[in-house]
Amino acid sequence: MLRKQLMILMLVAGVWSLSASAQRPGGGGSGGGKPGGGRPGPTPRSTPSTAPRPNRTPSAMGSPSSPDLPSAPITQHADQESKVEFRTETVLVQVPVVVTDKSGNHIHNLAKDNFRVFENGKEQKVAAFEEIVANTSRVLSNPPQPGEFSNISLASRQPRSVTVVALDTVNTPFLDQAYARKELVKYLANNVDSSQTLGLVIISSKGLRVVQGLTSDPTALLQILKKLSGDLPEMHNLDTDVEAAAAAGDGSGLLMASNPITTQSTLSDFISQGDVLYAQFKQENAIETTMRAFLGIAWSLSGIPGRKSLIWATGAFPFYLDSPSTVPGGRLSVLYERAMQVLNDAEISVYPVDVRGLVNYSPAADVTARRAASGPAAMQQLMSRSWLQNAKIDTLRDFAEMTGGRAFYNTNDLAGSFKRAADDSSSYYMLGYYLDTKNDMPGWRQLKVKVDQKNTEARARNGFLVTNTTMNPELTRIADIGFALTSPFGATGIPVVMRWQEAKPEEMKKLDAKNGEKKDPNKKAVGFALHMPGEALTVEGTRNQLDVDFVALATAAAAKDGTAADEIKQTLKGSLSAENVAKLRGHGMSYSNVFELAPGKYQVRFVVRDNLNGRIGSLSAPLTVN
């Protein structure tokens, strides 16, 4: 009897969903996954490159008169947020510009008057101009003095060409990950020399992992890369039709109204609804993981002068962009806006490389498809997949242009794509203008750079987000520090040098006063000192304001749950006299404090945040207390 009631409930749910499907067009959107393989083989692969660029508006993609066309998902946009409250009236917008001839060769010796910058169609006065040619000398490390630890990895402060390759296992089908590694090995073996500075990271479901820090030794990268293995993506075991429905916001697109209602098909539809909900959950995880990875990479490179190239070997962007002002919504919007801001501030251009190569999205070529549709339903399924593939490519291209990079897709020559992306940072021009802070409307500010030189091409980021998140560092203060404490990277926005030292008498007095009679006789005082160069910290306004957070977290090496053994938090905030400003600029800033720890081994994380501009410096150091 119970089984019969359950069956009736499932049938009712299935029929209701089928009815809803008949009233609205099916879903389509962005996501990973690919039916069939993506590599050269005996069967030629089709490509959507000749298909027209899909219209980005839901009304054009689907309507009651065209029920077979997939509708674009409803998206949120930055211009729907509250008016911007600027923390300062002076905001310098910096725009790196790569200028090449029609053959891709860099153009040098242009003057300021050769450039014109437009924001939302209005020409801006260029207030800063510089041509930058990256340093091509071999990377020299900057080893700290004995007993010291530092987040400064390079000895020279000259701009240099830096390329970081991010292998994305979160948004890339498993089999395509192997081909991406193979093509990267080919690129490194044939194109890289000691004049290039490279790094390699992996974006996985467990977070960001450093495989190789910045190096000029391609042999070291090759050896490590050949030993790497793949990881299951977030959308593992979810077919393309489920991903499309999840991106659209519901599962009605999976239910083919033209199919006869049978017990078997209705049960399958009922199960598919659960798959869609699960896919939406996994998609949200992919967005967070990807954006946190970009934030960590940007922070790690923020202290290195010059334009950097981030080659993102991926299978898809984790969410659908119908315009540059699109944000993921909810709590993820703040993370996304902050990551985009830090990428721009660090002068990082993203170069997505679609490692899926040429894609055949036909259901007939997809061995993972849940069931084959027939008649009009088959056409609806094909249209949804076609739109999904085109939207996926458009989104990668849009994201690249938003950061000043370019996307590579519909090609199996990934090694050639890697090379073209790495060449861009060898030389460029840096333009700057002051933002009109009287315009407090949130959203995307479109940028356009024109060069008064024949037969040239100029490439710069096509805009930037102006929101309270991007303009007011105070809003992300707590989140920034929390992320910096757990990130596998050291942030370099503020150079920091740390050394262990004996606790000072005045520090011991403060510690004794704090503990009183509760002092633990088994714990020992361990002192430390941090030093930051004066030019790395902001002194603002006529009152010479300074606002800096210091956080230190000591965790026992054996503590698997990450519980802190001791934590120090302090903010230095106030106005400096002209004399103290001069001392700061000449000698830098020092900060010292004391841990109270029991004997044992610890890993200690230090974070320094300039709250006036949001820049961060962080590093980790081991500690043994005897």
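Heads up: the structure comes first, above all this text.
Residues numbered from 1 in each chain as written. Predicted model: local features only at pLDDT ≥ 70, side-chain atom pairs only at ≥ 80, totals over all residues. Heavy atoms only, no water.

Draft legend 1. The arrangement of the overall build of the chain in detail. On a plain count of helices and strands, the chain comes out with 13 helices and 23 strands. When each of the 626 residues of the chain is scored for burial, the buried share is 55%. Once local pairs closer than 6 in sequence are excluded, the contacts in the chain between residues at least 24 apart make up 80%. Accessible surface for the chain amounts to roughly 28,500 Å². Of this, 53% is attributable to carbon and sulfur atoms. (Helix = DSSP H or I, 4+ residues; strand = E, 2+ residues; numbered from the N terminus. Buried < 20%, exposed > 50% of the residue type's maximum accessible area, 1.4 Å probe, protein only. Contact = heavy atoms within 4.5 Å. Areas by Shrake-Rupley, 256 points an atom, 1.4 Å probe, with all protein chains shown as cover.)

Draft legend 2. How the structure looks around the pairing of strand E14 (residues 443–451). Pairing of strand E3 (residues 115–119) with E14, which is carried by 5 bridges, proceeds in the antiparallel orientation. Looking at the pairing, Glu119 lines up with Leu447 of E14. With 4 bridges connecting them, E14 and strand E16 (residues 463–466) associate as antiparallel partners. Paired with Arg445 across the two strands is Phe464, which belongs to E16. (Pairing = 2+ DSSP bridges.)

Draft legend 3. Layout of the layout of surface pockets. In this model, the largest pocket occupies a volume close to 1,400 Å³. Residue lining of the largest pocket: 49 residues in total, with Leu92, Gln94, Asp345, Asn613 and Arg615 positioned closest to the centre. Broken down by element, the residue count for the lining of the largest pocket peaks at 7 residues, all from helix H7 (residues 331–345). Of the residues assigned to the lining of the largest pocket, the class counts are 24 nonpolar, 14 polar and 11 charged. (1 Å grid on protein atoms, 1.4 Å probe; cavity = no way out; pocket = protein on both sides within 12 Å on 5 of 7 lines; lining within 4 Å. Points joined across faces, edges and corners; volume = space filled by probe spheres on them. Nonpolar A, V, L, I, M, F, W, Y, C, P; charged D, E, K, R; others polar.)

Draft legend 4. View of helix H9 (residues 414–423). The buried count for H9 comes to 7 of 10 residues, which makes it a mostly enclosed element. Listed in full, the buried residues belonging to H9 are Leu414, Ala415, Gly416, Ser417, Phe418, Ala421 and Ala422.

Draft legend 5. Structural view of a nonpolar patch on the surface. Taken together, the side chains of Met379, Leu382 and Met383 present a nonpolar region at the surface, about 230 Å² in accessible area. Residue placement: Met379 occurs in helix H8 (residues 376–403). The exposure class of Met379 is partly exposed, given its relative accessible area of 44%. (Patch = residues over 30% accessible without salt bridge, like charges linked within 9 Å, V, L, I, M, F, W, Y side chains within 5 Å. Salt bridge = Lys/Arg side-chain N within 4 Å of Asp/Glu carboxyl O.)

Draft legend 6. Layout of the packing of aromatic side chains. All chains considered together, the criterion is met by 17 aromatic pairs. Judged by centre distance (5.9 Å) and plane angle (20°), the rings of Phe129 and Tyr429 are stacked. Of the two residues, Phe129 is situated in strand E5 (residues 128–133) and Tyr429 in strand E13 (residues 427–434); the sequence distance between them amounts to 300 residues. Feature note: the residues Phe294, Trp312, Phe317, Phe319, Tyr336 and Phe399 constitute an aromatic cluster, connected by ring pairs. In this structure, Lys450 packs its charged tip against the face of Phe118, placed 5.1 Å from the ring centre. (Phe/Tyr/Trp six-rings, centres within 6.5 Å; stacked < 30°, edge-to-face > 60°. Lys NZ or Arg CZ within 6 Å of the ring centre and 35° of its normal.)

Draft legend 7. Highlighting H8. Compared with an ideal rise of 1.5 Å per residue, which puts 28 residues at 40 Å, H8 spans 41 Å between its outermost C-alpha atoms and is within 8% of the ideal. The buried count for H8 comes to 21 of 28 residues, which makes it a mostly enclosed element. At the exit of H8 stands Gly404, carrying a positive phi of roughly 90°. (Expected span 1.5 Å × (residues − 1).)

Draft legend 8. Structural detail: the pairing of strand E21 (residues 589–597). Within E21, 7 of the 9 residues are buried, leaving the element largely enclosed by the surrounding structure. Here strand E18 (residues 524–532) runs beside E21; their pairing, made up of 9 bridges, is antiparallel. By the bridge assignment, Lys524 is partnered in E21 with Leu597.

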